[in-house]
Amino acid sequence: MSARGQVSAGELLQLVRSGRAVTRGALQQATGLSRATVGQRLDRLFRAGWLREGAGGPVGSPLGGRPSITLEFDDSHAVVLAADLETRHARAAVLSLTGEILAEHSGTLLVEDGPDAVLGDLGHWFGELLEKAGHRAEEVCGIGLAVPGPVDTASGRVVQPPIMPGWDGYDIRGRLARAFTEATGAPPVPVLVDNDANLMAYGEQRTGFPDCSAFVLVKVSTGIGAGVVVDGSLFRGIDGGAGDIGHIRVGAEALCRCGSYGCLAAVASGGAVARRLAEDGVPAASGSDVRDLLAAGHPAASALAREAGRQVGDVLATVVTLLNPGVLMIAGDLAGTAFLTGVRELLYQRALPRSTAHLHVVTSRLGERAGLVGAGALVVEHLYAPERVEERLMALGV
């Protein structure tokens, strides 16, 4: 927090949003600001429509008196758009600022059709979803997008994505902002882009495991990737490449879509399992097809999923030893009983007992909505960060 005389309206909002100080008196105590200064800065937030008064809190004094009026973040002043893009399918939604999904849509969208077409389609989806949710386009404060490839977060561009042909270095943020404007007539809004496993991890950790200081999610679908949340923040590495465990070499000779041989994704992803099933005459072309076969109890699919889980579990033993997470979450098309059994077999066999003594190995709680929730949360945390609050308040003239 800034020096006492410099504590900003944005920092007061952060204290309220986090629940650390939700009355005027608590804000004075937390910041050292005078009652008048706290009042002035809160007034800016009230005029922007970002704060509201809630019910009175408990009486703080044993002598009784009037209860303190609590302060609440007012999530009704704006909405967020989010989309989760996979190789052959996408999901989009309108979310409240507190993460409630107000309307959603899913459908076929082929990433191989290229960014211009795919992002244009998402713009149309957003327009239809806003109408379905009963919100105007002018209420949108930002857009979050999850993509199945490594992302340079500074530029919002994917970097050499193995399963996104034609997307390398493309200006995703600019195109999606234009697509939103073209579909709705509203001015462009900020667009944030991140890797799908990252945003799934962010959504799952924030909603289900907020007190877990080291959280790892592994998504096993067409490819394999991991998202890591440390102390409440995404760990991305220096240029967005952290968590790309699908391209760890595991000694096999299978050709991966990245052009290398022996990658984990080449032998243990949903796509790899689908290829092996197809070779045996079982109709399967993707991880989603494998998911459907697993749901139907197909014995060959279950056997191959368990084998894939063992291969992934072998790699995760190193991940767990390195990061010592409290939660390891398995998500994606293969995240069922057979795959999880295989993961547990090798993970607990290869990792040191100390690394797994307090580890919880679980499956996704948010399911297919995890990426949407994470993308929405990323936008909100970005736009309502203390330094950005000041910029936005000045732009609003309050």
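About the cut-offs
- Residues numbered from 1 in each chain as written.
- Predicted model: local features only at pLDDT ≥ 70, side-chain atom pairs only at ≥ 80, totals over all residues.
- Heavy atoms only, no water.
- Helix = DSSP H or I, 4+ residues; strand = E, 2+ residues; numbered from the N terminus.
- Expected span 1.5 Å × (residues − 1).
- Buried < 20%, exposed > 50% of the residue type's maximum accessible area, 1.4 Å probe, protein only.
- Contact = heavy atoms within 4.5 Å.
- Core = buried A, V, L, I, M, F, W, Y, C linked by side-chain atoms within 4.5 Å.
- Axes fitted to C-alpha atoms, helices over the stretch in contact; angles between N-to-C directions.
- Parallel < 35°, antiparallel > 145°, perpendicular 65-115°, else oblique.
- Left-handed = near helix turned anticlockwise from the far one by under 90°.
- Phe/Tyr/Trp six-rings, centres within 6.5 Å; stacked < 30°, edge-to-face > 60°.
- Pairing = 2+ DSSP bridges.
- Disulfide = S-S within 2.5 Å.

### Notes on unusual backbone geometry
So, point 1. The backbone of Gln160 sits at a positive phi, close to 45 degrees, despite the residue not being glycine.
So, point 2. Here Gln160 is to be found in the loop between strand E8 (157–158) and helix H5 (172–184).

### Here we look at H5
So, point 1. With 13 residues, H5 extends 18 Å from end C-alpha to end C-alpha; this agrees with the ideal 18 Å at 1.5 Å per step.
So, point 2. Every buried residue of H5 is listed here: Ile172, Gly174, Arg175, Leu176, Ala177, Ala179 and Phe180.
So, point 3. The inward-facing, buried residues of H5 contact strand E3 (79–85), helix H4 (115–133), strand E6 (140–147), E8 and strand E9 (191–195).
So, point 4. Following H5 by one or two positions, Gly185 has its phi on the positive side, about 80 degrees.

### Topic: the nonpolar core
So, point 1. The biggest cluster of nonpolar side chains holds 53 residues, and the ones touching the most others in it are Leu27, Leu45, Phe215 and Tyr384.
So, point 2. The element contributing the most residues to this core is helix H13 (residues 370–383), with nine residues.
So, point 3. Residues within four places of Leu45 in sequence aside, it is in contact with Ala9, Leu13, Trp50, Leu51, Val389 and Leu393.
So, point 4. Ranked by size, the runner-up nonpolar core spans 39 residues in total, among them Ala268, Leu277, Ala305 and Val361.

### A short note on the packing of H4 against H5
So, point 1. For the pair H4 and H5, the least separation of the axes is 8 Å and the interaxial angle reads 45 degrees. With respect to H5, the axis of H4 lies oblique. The interaxial crossing formed by H4 with H5 has right-handed handedness. Across from Pro115, Asp116, Leu119, Gly120, Leu122, Gly123, His124, Phe126, Gly127 and Leu130 in H4, the residues of H5 making contact are Ile172, Arg175, Leu176, Ala179, Phe180, Ala183 and Thr184.

### Overview of the packing of aromatic side chains
So, point 1. The full count for this structure, using the stated rule, is three aromatic pairs.
So, point 2. An angle of 75 degrees between the planes, with centres 5.2 Å apart, marks the rings of Phe73 and Tyr384 as edge-to-face. Of this pair, Phe73 sits in strand E2 (residues 69–73) while Tyr384 sits in the loop between H13 and helix H14 (386–396), placing them 311 residues apart in sequence.
So, point 3. With a relative accessible area of 0%, Tyr384 lands in the buried category.
So, point 4. Ring geometry for Phe209 versus Phe215: centroids 5.8 Å apart, planes at 40 degrees, classification tilted.
So, point 5. The class for Phe209 is buried, based on a relative accessible area of 13%.

### Digging into the pairing of E6
So, point 1. Burial within E6 is extensive, with eight of its eight residues counted as buried.
So, point 2. Summarising the sheet, E3 and E6 pair through six bridges and their orientation is parallel. Paired with Asp84 across the two strands is Ala146, which belongs to E6.
So, point 3. As defined by bridge partners, E6 adjoins E9 across five bridges and the pair is classed as parallel. What sits directly across from Leu145, in E9, is Val193.

### Comments concerning the state of the cysteines
So, point 1. Summed over all chains, the structure comprises zero disulfides.
So, point 2. Counting only cysteine sulfurs, Cys263 is the nearest neighbor of Cys258, a cysteine outside any disulfide, at a range of 3.7 Å.
So, point 3. The exposure class assigned to Cys258 is partly exposed, which follows from its relative accessible area of 35%.

### Comments concerning the sheet that holds E9
So, point 1. Strand order across the open sheet formed by five strands is E5-E4-E3-E6-E9, with mixed pairing between neighbours. Each edge of the sheet is formed by a strand with only one pairing partner; in this case those strands are strand E5 (101–108) and E9. Sheet twist, expressed as the mean angle between neighbouring strand axes with direction ignored, is 15 degrees.

### Overview of the pairing of strand E13 (residues 327–331)
So, point 1. Taking burial as the measure, the five residues of E13 include five buried ones, the bulk of the element.
So, point 2. Residues of E13 alternate between two faces, with Val327, Met329 and Ala331 on one and Leu328 and Ile330 on the opposite face, all of them buried.
So, point 3. Relative to E13, strand E10 (residues 214–220) is paired through five bridges, and the arrangement is parallel. Paired with Lys219 across the bridge in E13 is Ala331.

### Notes on helix H1 (residues 9–18)
So, point 1. Judged by how many residues are buried, H1 sits mostly within the fold: seven of ten residues are covered.
So, point 2. When we look at burial in H1, the residues that qualify are Ala9, Gly10, Glu11, Leu12, Leu13, Leu15 and Val16.
So, point 3. Gly19 occupies a position one or two residues after H1 and carries a positive phi of about 85 degrees.

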